[in-house]
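# Descriptive analysis of the structure
The residues making up each chain are set out below.
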Amino acid sequence: MQAGALLLWRHSFFQAIRRTVLLASPRDQIAYSFYSFGTETAATYFEESSNPNQEEVSKPLSWRIEKLPRREPVGLAFQSWMGEGFPIHRGHIFHAINRLRKLKFNKRALEVMEWVIRERPYRPKELDYSYLLEFTTKLHGVSQGETLFSRIPLEFQNELLYNNLVIACLDKGAIRLSLAYMKKMRELGHPISYLVFNRLIILHSSPRRRKIIPRIRTQMKADKVARHVSTYNILMKIEANEHNIEGLIKVFGEMKQQEIEPNEVSYCILATAHAVAKLYTVAEAYVEAVEKSMTGNNWSTLDVLIILYGYLGNPTDLERTWGIVQELPHVRSKSNMLAIEAFGRIGQLNRAEELWLETKSKKEFKSTEQFNSMISVYSKHGLIDQASELFREMEMNGCKANAITYRNLALGCLKAGLLEEALKTLEFGKGSTRSTRIRKSVPWLETTFSIVEIFSQNGDVENSEKLFEELKAANYARYTFVYNTLIKAYVKAKVYDPNLLRRMILGGARPDAETYSLMKLSEQFQT
């Protein structure tokens with residue numbers, strides 16, 4: 001159920017050189033899919049002077065490398081390729097490396113670059129050594145990366161190599177060492193990439209470290225680093241993850257003031273944040289901006305649009321977007337899950353079931369997340385029998401239920417009027433592991449809020465307060481509608497608590513007309 005939305009730039013290889021080799025490294029950006037805001041990027045693609053007819057009649061070199069059995073040496077793939085009379089171009093290697101990075105086959109990527117440096121199918125350049133440095137550090141640590149760096153020919157120890165060494169150190173959490181290398185870069189007159197500062201901002205994005213971010217941005221300005229849209233996207237994502245709409249709009253305003261053109265990722269972040277905050281009119285405006293700013297059929301953007309059209313209750317555009325996704329060369333399992341949940345959200349249960357059965361007929365379901373997508377649809381509609389049947393099928397398939405499964409089933413029980421079963425399911429779900437990522441993910445928070453709504457309608461203050469604490473811990477309670485729902489529980493229970501308004505304001509939520517009306521109504525229950 002956790003999805004991801006994601007940063008993607010389709011630039012040429014020469015732009016990649018200017019930006020740095022590690023563009024596609026997963027820690028370049030804060031996770032962007034609003035389900036978990038997690039990270040994942042597509043590779044920059046470049047083919048250098050290769051014959052397209054060769055690609056049509058034979059499996060690409062990148063495919064051969066990916067499909068090699070784990071223990072087979074990478075040289076077999078190259079021998080197979082050259083055995084068919086094909087030369088090895090730089091572009092083939094770059095495409096293969098970016099594919100392997102995306103698949104997180106770091107060991108295989110290192111083997112590829114070691115083969116290239118050793119066998120020299122072409123004269124290695126700075127970008128080849130950058131790849132070698134990146135994967136050596138990832139697999140063998142910073143110390144080995146530093147040793148390798150010292151052995152790279154001096155002509156290639158330039159700004160690109162230094163930037164990638166700094167980023168490699170940051171990826172390993174070696175902040176002090178990274179800062180030392182940045183100091184050396186300044187002494188040598190090498191420009192520092194904005195991607196270095198992006199990494200620093202991400203590393204300091206946790207609540208206890210965020211106070212350092214203004215200092216990082218000040219240093220960025222002092223180093224005369226050109227402002228880039230990705231930096232602002234990261235800053236906006238930080239605010240969105242904290243459910244801080246005001247902070248998000250402030251960053252976006254600064255971005256516009258600096259004349260930085262937003263891209264599709266920027267608008268996806270804005271649209272998603274407003275949809276989660278139930279500000280649907282604003283979200284709809286940003287969705288239109290996403291559509292206008294799209295550069296090709298970017299699957300990550302299409303996934304976000306599927307989610308957003310589900311929020312906006314727009315079946316026509318949801319169906320249209322899903323049709324575009326189906327025309328892609330490969331439809332990801334995650335996209336199927338998002339489409340199922342989106343159709344379920346807008347009430348098209350038959351369409352969600354149709355997609356579920358269609359997906360199920362094509363391949364065997366092997367993950368809990370796949371079953372959770374349809375269980376969540378049934379649970380939101382109170383169809384607990386169907387959800388329970390899927391739960392049994394999931395266990396028969398060897399998939400273990402997780403905290404999200406039980407939270408969905410608890411909602412389904414409440415929707416079906418089965419209060420005792422819901423409470424037992426909630427208690428049972430406490431035994432499942434719940435990572436911080438899950439507890440802060442939007443699906444988890446929205447499901448929890450739906451449960452709080454039902455407890456509130458029943459005047460169940462005790463259980464409303466218990467689950468409200470989860471929402472508060474994830475900053476979801478910054479939204480006025482969340483606190484209003486808690487106040488409704490007190491009103492329904494005919495209990496007066498004069499501290500509710502104070503709690504709301506201190507919690508970061510702004511009281512509205514409904515808040516004051518509810519508080520006024522609760523005054524009659526004073527004793």
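Treat the numbers as computed from the prediction; the structure is a model and nothing was measured.

What follows deals with the overall build of the protein chain. Assigned secondary structure in the protein chain consists of 30 helices and 0 strands. Within the structure as shown, the protein chain displays about 24300 Å² of accessible surface, and the carbon and sulfur contribution to it stands at 50%.

Take unusual backbone geometry next. Backbone geometry at Arg 120 places phi at a positive 50°, although glycine is not the residue there. One can find Arg 120 in the loop between α6 (106-119) and α7 (126-140). Judged by its relative accessible area of 46%, Arg 120 is partly exposed. Unlike most non-glycine residues, Asn 475 shows phi in positive territory, near 65°. When its relative accessible area of 22% is taken as the criterion, Asn 475 is described as partly exposed.

Here the focus is the pattern of salt bridges. Pairs can form between side chains of opposite charge whenever their charged atoms are close. Tallying each qualifying case throughout the model produces 26 salt bridges. With a shortest N-O distance of 2.8 Å, Glu 66 and Arg 99 are connected by a salt bridge. Note that Glu 66 is positioned in helix α3 (residues 61-66) and Arg 99 in helix α5 (residues 90-102), a separation of 33 residues in sequence. Residue Glu 66 is classed as buried on the basis of its relative accessible area, which comes to 15%. Asp 223 is the partner of Arg 186 in a salt bridge, and the nearest nitrogen-oxygen pair spans 2.8 Å. Residue Arg 186 is located in helix α10 (residues 175-188), and its partner Asp 223 is located in the loop between α12 (213-222) and α13 (229-241); the two are separated by 37 residues in the primary sequence. Take Arg 186: its relative accessible area is 35%, and that puts it in the partly exposed class. Overall, the relative accessible area of 22% leaves Asp 223 in the partly exposed class. Residues joined by salt bridges that share partners form a network here, namely Arg 101, Glu 134 and Lys 138.

All right, on to the environment of Asn 475 then. When you line up the elements, Asn 475 lands in the loop between α27 (461-473) and α28 (480-492). Between the alpha carbons of Asn 475 and His 243 there is a distance of 6.2 Å; along the sequence they are 232 residues apart.

Across the protein chain, pLDDT averages 87, with 89% of residues at or above 70. Within the model, pLDDT remains below 50 along residues 1-57, and this stretch shows 187 contacts once partners closer than five positions in the same chain are excluded.

Remark: helix α21 (residues 368-380) packs on helix α23 (residues 403-415), axes separated minimally by 8 Å, with the N-to-C direction vectors making an angle of 15°. Relative to α23, α21 is oriented roughly parallel. Of the two possible hands of crossing, α21 and α23 adopt the one that is left-handed. Residues Thr 368, Asn 372, Ile 375, Ser 376, Ser 379 and Lys 380 of α21 lie in contact with α23, whose contacting residues are Ile 404, Thr 405, Asn 408, Leu 409, Leu 411, Gly 412 and Lys 415. Residue classes in the contact of α21 with α23 are distributed as 4 nonpolar, 7 polar and 2 charged.

The next point concerns the packing of aromatic side chains. Applying the stated rule across the entire model yields 17 aromatic pairs. Seen in terms of ring centroids, Trp 81 and Phe 86 are 4.6 Å apart; in terms of plane orientation they differ by 50°. Their pairing is tilted. Each member of the pair, Trp 81 as well as Phe 86, carries the same accessibility label: buried. Here Phe 449 and Phe 481 contribute two aromatic rings whose centre-to-centre distance is 5.3 Å and whose plane-to-plane angle is 70°, an arrangement assigned as edge-to-face. Placement of the pair is Phe 449 in helix α26 (residues 442-457) and Phe 481 in helix α28, with a sequence separation of 32 residues. Here Phe 449 and Phe 481 have matching classes, each one buried. In this structure an aromatic cluster arises from ring pairing among Phe 449, Tyr 476, Tyr 479 and Phe 481. Here Lys 278 stacks its cationic end above the ring of Phe 481, 5.2 Å away from the centre of that ring.

Buried together is how nonpolar side chains tend to be arranged in soluble globular proteins. Ile 65, Phe 78, Ile 93, Val 112, Met 374, Tyr 476 and Val 482 are the most contacted members of the largest nonpolar core, which totals 163 residues. Other than its neighbours up to four places away in sequence, Val 112 contacts Ile 65, Val 74, Phe 78, Ile 93, Ile 97 and Leu 100.

A separate point is the side chain of Ser 300. Among the secondary structure elements, Ser 300 is positioned in helix α17 (residues 299-311). There is a polar contact of 2.7 Å between the side chain of Ser 300 and the side chain of Asn 298.

The terminal C-alpha atoms of α6, which comprises 14 residues, lie 20 Å apart, in line with the 20 Å expected from a rise of 1.5 Å per residue. Within α6, burial applies to Arg 108, Ala 109, Leu 110, Val 112, Met 113, Trp 115, Val 116 and Ile 117. Buried residues along α6 sit in contact with α3, α4 (75-83), α5 and α7. Immediately beyond the C-terminal end of α6, within one or two residues, lies Arg 120, with a positive phi of roughly 50°.

Quick look at α13 now. Because an α-helix completes one turn every 3.6 residues, residues spaced three or four positions apart along the sequence face the same direction. Across its 13 residues, α13 extends 18 Å between first and last C-alpha, which sits within 8% of the 18 Å expected from 1.5 Å per residue. For α13, the full list of buried residues reads Val 229, Ser 230, Thr 231, Tyr 232, Asn 233, Ile 234, Leu 235, Met 236, Lys 237, Ile 238, Glu 239 and Ala 240. Where α13 is buried, its residues meet α11 (194-203), α12, α14 (245-257) and α15 (264-276). Of the residues one or two after α13, His 243 is the one with positive phi, at around 55°.

Two packed helices can be described by the angle between their axes and the distance between those axes. It is the contact of α17 with helix α18 (residues 315-326), at a shortest axis distance of 9 Å, that shows an interaxial angle of 160°. The orientation of α17 relative to α18 falls into the category roughly antiparallel. Crossing hand, α17 versus α18: left-handed. Where α17 abuts α18, its residues Leu 302, Leu 305, Ile 306 and Tyr 309 lie against Asp 317, Leu 318, Arg 320, Thr 321, Trp 322, Ile 324 and Val 325. Here the residues of the contact of α17 with α18 are counted per class, giving 8 nonpolar, 1 polar and 2 charged.

So, on to the environment of Lys 520. Summarising the element assignment, Lys 520 is placed in helix α30 (residues 513-522). In this structure Lys 520 comes out as exposed when scored by relative accessible area, which is 56%. Through-space distance from the C-alpha of Lys 520 to that of Val 491 is 9.9 Å; in sequence the pair is 29 residues apart.

We now examine the environment of Leu 418. Mapped onto the elements of the fold, Leu 418 is located in the loop between α23 and α24 (419-429). The spacing of Leu 418 and Gly 382 is 36 residues in sequence and 9.9 Å in space, taken between C-alpha atoms. Excluding its chain neighbours within four sequence positions, the residues that come into contact with Leu 418 are Ile 384 and Cys 413.

Procedures and definitions
- Residues numbered from 1 in each chain as written.
- Predicted model: local features only at pLDDT ≥ 70, side-chain atom pairs only at ≥ 80, totals over all residues.
- Heavy atoms only, no water.
- Helix = DSSP H or I, 4+ residues; strand = E, 2+ residues; numbered from the N terminus.
- Areas by Shrake-Rupley, 256 points an atom, 1.4 Å probe, with all protein chains shown as cover.
- Buried < 20%, exposed > 50% of the residue type's maximum accessible area, 1.4 Å probe, protein only.
- Salt bridge = Lys/Arg side-chain N within 4 Å of Asp/Glu carboxyl O.
- pLDDT = per-residue confidence, 0-100.
- Contact = heavy atoms within 4.5 Å.
- Axes fitted to C-alpha atoms, helices over the stretch in contact; angles between N-to-C directions.
- Parallel < 35°, antiparallel > 145°, perpendicular 65-115°, else oblique.
- Left-handed = near helix turned anticlockwise from the far one by under 90°.
- Nonpolar A, V, L, I, M, F, W, Y, C, P; charged D, E, K, R; others polar.
- Phe/Tyr/Trp six-rings, centres within 6.5 Å; stacked < 30°, edge-to-face > 60°.
- Lys NZ or Arg CZ within 6 Å of the ring centre and 35° of its normal.
- Core = buried A, V, L, I, M, F, W, Y, C linked by side-chain atoms within 4.5 Å.
- Polar contact = N/O pair within 3.5 Å; in protein donor to acceptor, adjacent residues only side chain to side chain.
- Expected span 1.5 Å × (residues − 1).

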